[in-house]
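Residues per chain, in single letters:
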Amino acid sequence: MKQKIFYTKPSITEREVSLATDAAQNGWGAQCYDYIHRFEEAFKLHLGVKHAIATSSCTGALHMGLAAIGVKPGDEVILADTNWIASAAPITYLGAKPVFVDILPDTWCLDPEKVEAAITSKTKAILAVHLYGNLSAMNELNTIGNKYGIPILEDAAEAIGSIYQGHKAGSMGLFGTFSFHGTKTITTGEGGMIVTNDDALYDQLCTLSNHGRNKNQTKQFWPDTIGFKYKMSNVQAAIGCAQMERIDDLIARKREIFAYYKARLANIPGIKMNPEPKGSTIGAWMPTIQFYNSPESVVERLKQNFNQEQIDARVFFHPLSSLPMFDNHGCTPIAYRTAKQAINLPSYHDITKNELDRVCSVITGTLSEMG
Ligand SMILES: *Cc1c(COP(=O)(O)O)cnc(C)c1O
């Protein structure tokens, strides 16, 4: 029996184990926030932002961020129809409505023209998600945001290592959020981060993330408002600190795996992969191939063949508007088409050349099977 190839798996070395052990042994009492602060500092430095707050998840970070900018019942937040539910759910937690717009056919991220057409008097924010590490069209979105006075937010959970014209993904919006779930480029098991360069927003986030207690409040146990409890633990942050020491390597390896697939596959007629526009770099979190001319049966067959070969193949995100809890407004043909034509490829840090070749030969084999 062939060994299974997982689509993702964290890279944990002695260093992560050693720092987590130290946190478990010593990170209590006066030291109980040390790794958390160290992790936040390392992350700020990496990203080049002023403020960062570690959280228990990206979903929680988004919930707090949206609350901090005042998203409330009746408001609308625009995002791409092609997304994981975690980007949309926090909008609904606040009683607001996610408005799904279509994607660009190359980046699979927000189409700025569709964004502008979807703006109403209720639009409170535009959430740019850098899907699979691909970069959203930030210049165009910022132009639209400025024109209508609507903030651009970034969900950069999948975009560690992605750089848009010199700016790291997550550092360009009013705030940016990250995930350190076990599938992401760096991990703390579960975890997240919210970052911003806006001092007033940071103050607001500090209050919200601390059960609503303002940092200038002198009365003990006196919350000034209803807040949240989405904190990261010190033990998780210790793992994060070790991952931050290795972040350049972790990103470089993702890019190397992507480059390998690209060299092997991108020249096959009818295939395209994650684009890397001139002047930008992608973190290549999830190498993805799209059969843009093929019937959907190609991807169906490919999934079967991957399965048979013990290879985890991950389906491309279903359009959020196709899920039962949202309205299916049927105005996002590219999101619907791409979901049937594309598939994510395995890309964990320790994947071997032999395993990458196994993945590639299933793809080329499937294509020749189908003529
Ligand atoms: C993984 C992911 C999330 C959710 O992150 P959690 O830390 O699991 O809450 C949100 N948005 C995007 C784009 C993601 O990829």
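Only a predicted model underlies this, so the values are computations on that prediction, with no experimental measurement involved.

**Section: the overall build of the protein**
Here comes step 1: Scanning the protein from N- to C-terminus turns up twelve helices and 14 strands.
Here comes step 2: Taking 21 Å as the expected radius of gyration for a compact globule of 371 residues, we find that the protein reaches 21 Å, a close match to that expectation.
Here comes step 3: Structurally, the protein occupies a C-alpha span of about 75 × 55 × 40 Å along its principal axes.
Here comes step 4: When each of the 371 residues of the protein is scored for burial, the buried share is 55%.
Here comes step 5: A total accessible area of about 16,000 Å² is found for the protein, and carbon and sulfur atoms account for 53% of it.
Here comes step 6: With 35 positive and 37 negative side-chain charges, the protein shows a separation of 1 Å between the mean positions of the two kinds.

**Focus on the domain arrangement of the protein**
Here comes step 1: For the protein, the domain assignment lists domain 1 (14-101 + 108-245) and domain 2 (247-369).
Here comes step 2: Spacing between the C-alpha centres of domain 1 and domain 2 amounts to 26 Å.
Here comes step 3: Taken together, the contact between domain 1 and domain 2 spans 34 residues of the former and 34 residues of the latter.
Here comes step 4: In this assembly, domain 1 packs against domain 2 so that about 2,800 Å² is buried in total across both faces, 65% of it on carbon and sulfur atoms.
Here comes step 5: If you sort the residues of domain 1 by the area they bury against domain 2, Asp 81, Trp 108 and Tyr 132 come out on top, with a joint share of 29%.
Here comes step 6: Remark: the boundary between domain 1 and domain 2 carries zero salt bridges.
Here comes step 7: At the junction of domain 1 and domain 2, the tally comes to 13 residue pairs in polar contact (both at pLDDT 80 or more).
Here comes step 8: Elements that contribute at least two residues to the side of domain 1 that touches domain 2 include exactly strand 2 (76-80), helix 4 (85-93), strand 3 (97-101), strand 6 (163-164) and helix 8 (234-245).
Here comes step 9: Looking at the side of domain 1 that touches domain 2 residue by residue, the classes come out as 17 nonpolar, 13 polar and four charged.

**Considerations on the UniProt feature "active site" (unreviewed entry) in the protein**
Here comes step 1: Within the UniProt annotation, "active site" (unreviewed entry) is assigned to Lys 184.
Here comes step 2: Following the sequence through the fold, Lys 184 ends up in the loop between strand 8 (176-179) and strand 9 (192-196).
Here comes step 3: On the basis of relative accessible area, Lys 184 is assigned to the buried category, the value being 17%.
Here comes step 4: Ignoring sequence-local partners within four residues, the contact set of Lys 184 consists of Ala 157, Ser 179 and Trp 285.

**Here we look at the packing of aromatic side chains**
Here comes step 1: Under the counting rule described, the total for this entry stands at twelve aromatic pairs.
Here comes step 2: Ring centres of Trp 108 and Phe 316 lie 5.5 Å apart, and the angle between their planes is 85°; on these two criteria the pair is classed as edge-to-face. With a gap of 208 residues between them, Trp 108 in the loop between strand 3 and helix 5 (112-118) and Phe 316 in the loop between strand 13 (314-315) and helix 11 (333-341) connect regions that are remote in the sequence. We note that Trp 108, like Phe 316, is buried.
Here comes step 3: With a centroid separation of 5.3 Å and 65° between ring planes, the pair formed by Tyr 132 and Phe 316 is classed as edge-to-face. Pair noted here: Tyr 132 is in the loop between strand 4 (123-129) and helix 6 (138-148) and Phe 316 is in the loop between strand 13 and helix 11, with a separation of 184 residues, a long-range link. Comparing Tyr 132 with Phe 316, the two get one shared label, buried.

**Examining the site of the ligand**
Here comes step 1: With respect to spatial proximity, the complete set of residues near the ligand consists of Ser 57, Cys 58, Thr 59, Ala 86, Ser 87, Val 129, Asp 155, Ala 157, Glu 158, Ser 179, Lys 184 and Gly 191.
Here comes step 2: A distance of 3.4 Å is found between a nitrogen atom of the ligand and a side-chain nitrogen or oxygen belonging to Ser 87.
Here comes step 3: Measuring from a nitrogen atom of the ligand, one finds a side-chain N or O atom of Asp 155 at 2.7 Å.
Here comes step 4: Look at the ligand: alone it shows 380 Å² of surface, and the protein chains cover 91% of it.
Here comes step 5: Listing elements by their share of the shell around the ligand, those giving two or more residues are helix 3 (58-68) and helix 4.
Here comes step 6: Looking at side-chain class alone, the shell around the ligand contains four nonpolar, five polar and three charged residues.

**As for the sheet that holds strand 8**
Here comes step 1: With respect to topology, seven strands assemble into an open sheet ordered 1-9-8-5-4-2-3, the strand pairing being mixed. Since the sheet does not close on itself, it has two edges, and those belong to strand 1 (51-55) and strand 3, each with one partner. Each adjacent strand pair in this sheet contributes to an overall mean axis angle of 25°, direction not counted.
Here comes step 2: Looking at chain direction, strand 8 and strand 9 are connected through four bridges and run antiparallel. Bridge assignment links Thr 177 to a residue of strand 9, and that residue is Ile 194.
Here comes step 3: Contacting strand 4 and strand 5 (152-155), helix 6 crosses the sheet at an angle of about 145° to strand 5.
Here comes step 4: Relative to the sheet, helix 7 (residues 199-209) contacts strand 1 and strand 9, its axis offset from that of strand 1 by approximately 20°.

What counts and how
Residues numbered from 1 in each chain as written. Predicted model: local features only at pLDDT ≥ 70, side-chain atom pairs only at ≥ 80, totals over all residues. Heavy atoms only, no water. Helix = DSSP H or I, 4+ residues; strand = E, 2+ residues; numbered from the N terminus. Rg over C-alpha atoms; globule rule 2.2 N^0.38 Å. Buried < 20%, exposed > 50% of the residue type's maximum accessible area, 1.4 Å probe, protein only. Areas by Shrake-Rupley, 256 points an atom, 1.4 Å probe, with all protein chains shown as cover. Lys, Arg positive; Asp, Glu negative; His and termini not counted. Charge placed at Lys NZ, Arg CZ, Asp CG, Glu CD. Domains from an automatic or database assignment. Contact = heavy atoms within 4.5 Å. Buried area = accessible area lost by both parts, 1.4 Å probe. Salt bridge = Lys/Arg side-chain N within 4 Å of Asp/Glu carboxyl O. Polar contact = N/O pair within 3.5 Å; in protein donor to acceptor, adjacent residues only side chain to side chain. Nonpolar A, V, L, I, M, F, W, Y, C, P; charged D, E, K, R; others polar. UniProt positions renumbered as here; feature names shortened; annotations may be inferred. Phe/Tyr/Trp six-rings, centres within 6.5 Å; stacked < 30°, edge-to-face > 60°. Near = heavy atom within 4 Å. Pairing = 2+ DSSP bridges. Axes fitted to C-alpha atoms, helices over the stretch in contact; angles between N-to-C directions.

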